[in-house]
Amino acid sequence: MLNKSQQTTIEPLGVPLKGTTKVPGDKSISHRAILFSAMAKGTSHISGVLDSGDVRSSIAAVEKLGAQVKLESQADGSLAGTVVGWGENGPVQPDEPIDCGNSGTTARLLMGVLAPWELDVTVTGDASLQRRPMRRITAPLMKMGVRFAPDGQELLPITVHGTKNLKAISYAAPMSSAQLKTAVLLAGLYAQGTTTLNEPSPSRNHTELMLPEFGAVTTAADRTASVKGPSLLKACELKVPGDPSSAAFLTCAAVLVKDSDIVIENVSLNTARIGFVRTLERMGADVLVRHKGSAGKEPFGTIEVRFSGLLRGCEIPADKIPTIVDEVPILSLVAAFAKGVTVFREVDELRVKETDRIEAILEGLGLIGVDAWMDGSDLYVEGQPGLQLSPETVFDSKNDHRLAMTWAIAGLAGNAPVQVKNFDSVKISYPHFLQDIERLT
Ligand code: S3P
């Protein structure tokens, strides 16, 4: 039986969102800043790091492997400080499995981090992570010479036996995944020659952009990334910009809540991450991005957004899905309020996220009387401008942070209070989500 305290009541805001705000540090860039600093020789200085469950999993993992992490909480809630990496000495053999919690990025990137070292490290995670596919990572790493036990296993726990004799490969990835791309490139740093990865459509390129800060030579083309090995990373200084995936929730809330007008500052504007802005524009929303500068090679700036009265459905082609891969749940909620049908092409990857997000979207939209269905791999949402929620709605986050925030926005932007089961999962990427919304009211 579900304990009542695990259900959070979300009341309609009733007032517009107004003002200027910031979002916490980017989760993908924070993971990479910690993992790459741990691999590097010397002391890296990193700031703006997201303080959340997933990033804590990466910090704990590299500490177990011998990196010295001294990060402290700052006034704005971010983490800043130093990481002393293991450099050419390599990581130490941990005396127990590394528990990556809920974090797919930690588990999958770690396999690439461990690839060049002759250790036996068991990688595991929570119940959700133990259901997520890992063969997509182990298959290319096996081609490079890494062994895994059990051999060919899809699910964690998996033990990684690295090798000093990694082979450079040229790999055609079966799916677009930045986690897969990163694991291969990290292993490629220690192989002789150039390791190249091609993907069906471009996934986020933070790895290719960040590794040169540590002295590595990479290329970052449209659907191809490569790294030249061998290359020992050297410590550097990094600033993590705000997370566009977190900004997407505030942006969509402002689009839906009458008379809202907000500015979100210091957000990463990496084009592989702001597909949601393009999608909202095509739906008729009033959203504007302004470039302000770059942190290393990562562009950042502001997102300005106003309430948008009449939204219309649109079609998002398959090659753009990687640019909204974490935003499909919240965009499907916006689509529920738009006139006409929105189609998200080829979204099967959403089935293997923290939960099956396709099932969860269909179920949640069904609860509020919105027609949504799958045709093959395509997700359809038939919108209802002026949609009214019934006061009894109980959404289930399924312990998935992005679903918890999506259904919370249904309540905040709707006409009746809703319940969200296990809302607490927001701690994975955006612990102060509700407080940030409150501050804008
Ligand atoms: C991430 C890549 C994406 C994304 C995840 C973070 C990353 O996953 O969904 O939240 O930091 O590399 P895939 O690589 O599985 O697409």
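Residues numbered from 1 in each chain as written. Predicted model: local features only at pLDDT ≥ 70, side-chain atom pairs only at ≥ 80, totals over all residues. Heavy atoms only, no water.

Engineer: Pulling in residues and values, what's your account of the overall build of the protein chain?
Structural biologist: Secondary structure assignment for the protein chain yields 12 helices and 23 strands. When its C-alpha atoms are laid out on the principal axes, the protein chain stretches across 60 × 45 × 45 Å. The long-range fraction of contacts in the protein chain, counting pairs at least 24 apart against all pairs at least 6 apart in sequence, stands at 75%. Separation of charge centres in the protein chain, based on 44 positive and 50 negative side chains, amounts to 4 Å. (Helix = DSSP H or I, 4+ residues; strand = E, 2+ residues; numbered from the N terminus. Contact = heavy atoms within 4.5 Å. Lys, Arg positive; Asp, Glu negative; His and termini not counted. Charge placed at Lys NZ, Arg CZ, Asp CG, Glu CD.)

Engineer: Before we move on, could you go through the packing of aromatic side chains and cite the residues and values that matter?
Structural biologist: Summed over the entire model, instances satisfying the criterion amount to 7 aromatic pairs. With 6.3 Å between their ring centres and 70° between their planes, Phe249 and Phe433 make a pair best called edge-to-face. With Phe249 in helix α7 (residues 244-256) and Phe433 in helix α12 (residues 433-439), this residue pair connects regions lying 184 residues apart in the sequence. Each member of the pair, Phe249 together with Phe433, is buried. Here Tyr430 and Phe433 contribute two aromatic rings whose centre-to-centre distance is 5.6 Å and whose plane-to-plane angle is 65°, an arrangement assigned as edge-to-face. As far as the burial class goes, Tyr430 and Phe433 line up, both buried. (Phe/Tyr/Trp six-rings, centres within 6.5 Å; stacked < 30°, edge-to-face > 60°. Buried < 20%, exposed > 50% of the residue type's maximum accessible area, 1.4 Å probe, protein only.)

Engineer: Break down the side chain of Arg273 for me, citing the residues and quoting the values.
Structural biologist: Among the structural elements, Arg273 can be located in the loop between β15 (261-268) and α8 (275-282). Residue class for Arg273 comes out buried when judged on its relative accessible area of 2%. Of the polar contacts made by the side chain of Arg273, one reaches the side chain of Ser245; its length is 2.9 Å. If near-sequence neighbours (up to four positions away) are discounted, Arg273 is found in contact with Asp26, Ser28, Arg204, His206, Asp243, Pro244, Ser245, Thr323 and Glu327. (Polar contact = N/O pair within 3.5 Å; in protein donor to acceptor, adjacent residues only side chain to side chain.)

Engineer: If you had to explain helix α11 (residues 401-413) to someone new, which residues and values would you point to?
Structural biologist: In a regular helix each residue adds 1.5 Å, so 13 residues correspond to 18 Å; α11 covers 18 Å between its end C-alpha atoms and thus fits that length. The element α11 is extensively covered by neighbouring structure, given that 13 of its 13 residues are classed as buried. (Expected span 1.5 Å × (residues − 1).)

Engineer: Outline the site of the ligand, listing residues and values.
Structural biologist: Surveying the vicinity of the ligand reveals the residues Ser28, Arg32, Thr105, Arg108, Ser177, Ala178, Gln179, Arg204, Val325, Asp326 and Lys353. One of the side-chain nitrogen or oxygen atoms of Ser28 is found 2.7 Å away from an oxygen atom of the ligand. In this structure, Ala178 approaches the ligand through a main-chain N or O atom, which is 3.0 Å from an oxygen atom. Of all the elements in the fold, those that place two or more residues in the shell around the ligand are α1 (27-39), α3 (104-114) and α5 (178-188). Counted by class, the shell around the ligand contains 2 nonpolar, 4 polar and 5 charged residues. (Near = heavy atom within 4 Å. Nonpolar A, V, L, I, M, F, W, Y, C, P; charged D, E, K, R; others polar.)

Engineer: Talk me through the pairing of strand β13 (residues 224-229); I want residue IDs and the actual numbers.
Structural biologist: Relative to β13, strand β11 (residues 193-198) runs antiparallel, the two being bridged by 6 bridges. Note that in β13 the partner of Gly193 across the bridge is Gly229. Two strands pair when backbone bridges link them, and strand β12 (residues 218-220) and β13 are joined in this way by 3 bridges, in the antiparallel orientation. Note on β13: the bridge partner recorded for Ala220 is Ala225. The turn linking β12 back onto β13 is made up of 3 residues. (Pairing = 2+ DSSP bridges.)

Engineer: Could you give an account of the sheet that holds strand β16 (residues 286-295), naming the residues involved and the relevant values?
Structural biologist: Taken in spatial order, the 4 strands line up as β2-β15-β17-β16 in an open sheet, and their pairing is mixed. Edge positions in the sheet fall to β2 (18-22) and β16, since each has one partner strand and no second. Strand-to-strand twist across the sheet, computed as the mean angle between neighbouring axes with direction ignored, equals 15°. Note that β15 and strand β17 (residues 298-306) share 6 bridges and pair antiparallel. In the strand pairing of β17, Asp261 is matched with Arg306. (Axes fitted to C-alpha atoms, helices over the stretch in contact; angles between N-to-C directions.)

Engineer: Talk me through the environment of Met405; I want residue IDs and the actual numbers.
Structural biologist: Tracing the sequence through the fold places Met405 in helix α11. For the pair Met405 and Thr207, spaced 198 residues apart in sequence, the C-alpha separation works out to 27 Å. Once you skip the residues sitting within four places of it in the chain, Met405 turns out to touch Phe249, Val426, Ser429, Tyr430 and Phe433.

Engineer: Residue-level account of the side chain of Ser246, with values.
Structural biologist: Among the secondary structure elements, Ser246 is positioned in helix α7. If we skip the residues at most four places from it in the chain, Ser246 touches Val23, Ser429 and Tyr430.

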